[in-house]
Amino acid sequence: AQRALCRAGGVIEGRDTGSVVFPEAPVKLYLVAHAGVRAHRRAQERAAPTRHVGEALETRDERDATVNPFEPPSGAVVIDTSALDASSTLAAALDAVGRRAPGVFS
């Protein structure tokens, strides 16, 4: 279904999108952030204590590491967002797209 949705191009996100669904995509971005930063961001989204959110993320990460580990797909641009806000993350992503697929913005 995802392949059908993107016949004319598109932006798709998901853990196995760049490795399974669209392994030949011209641009693959893989966003990462330190665990503490991820917990803080999620806690702000949910108005929850960072400690509780951090514990839940740690539990999920440990479970996922044994079932479906987070690994960048081949050829992906890895962007560490730990020190970036949303605007800076977008700028880094657009820069990567411009370098990998320069004609996409024409």
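Figured I'd write up the structure that's included with this text. In this text the structure is predicted, and so the values were computed from the model without any measurement. (Residues numbered from 1 in each chain as written. Predicted model: local features only at pLDDT ≥ 70, side-chain atom pairs only at ≥ 80, totals over all residues. Heavy atoms only, no water.)

### A few points about helix α5 (residues 86–100)
- Over its 15 residues, α5 extends 21 Å from the first C-alpha to the last, a length consistent with the 21 Å expected when each residue adds 1.5 Å.
- Regarding α5, the residues found buried are Thr89, Ala93, Ala96 and Val97. Take α5 and look down its axis: the buried residues cluster within an arc of 100°, on one side only. Away from its buried face, by an angle of more than 90 degrees, α5 presents the exposed residues Ser87 and Arg99.
- Contact partners of the buried residues in α5: β1 (29–32) and β2 (77–80).
- The backbone nitrogen of Ser87 lies 3.3 Å from a side-chain oxygen of the residue at the head of α5, namely Asp85. (Helix = DSSP H or I, 4+ residues; strand = E, 2+ residues; numbered from the N terminus. Expected span 1.5 Å × (residues − 1). Buried < 20%, exposed > 50% of the residue type's maximum accessible area, 1.4 Å probe, protein only. Arc of directions from axis to C-beta. Contact = heavy atoms within 4.5 Å. Polar contact = N/O pair within 3.5 Å; in protein donor to acceptor, adjacent residues only side chain to side chain.)

### What about the layout of surface pockets?
- Taken as a whole, the largest pocket spans an internal volume of roughly 1,600 Å³.
- Every residue lining the largest pocket is counted, 38 residues in all, and those nearest its centre are Ile12, Glu13, Leu29, Tyr30 and Leu31.
- Those elements that provide at least two residues to the lining of the largest pocket are α2 (17–21), β1, α3 (35–46), α4 (50–67) and α5.
- The dominant element in the lining of the largest pocket, judged by the number of residues it contributes, is α5, at 6 residues.
- Partitioned by chemical class, the residues of the lining of the largest pocket number 22 nonpolar, 7 polar and 9 charged. (1 Å grid on protein atoms, 1.4 Å probe; cavity = no way out; pocket = protein on both sides within 12 Å on 5 of 7 lines; lining within 4 Å. Points joined across faces, edges and corners; volume = space filled by probe spheres on them. Nonpolar A, V, L, I, M, F, W, Y, C, P; charged D, E, K, R; others polar.)

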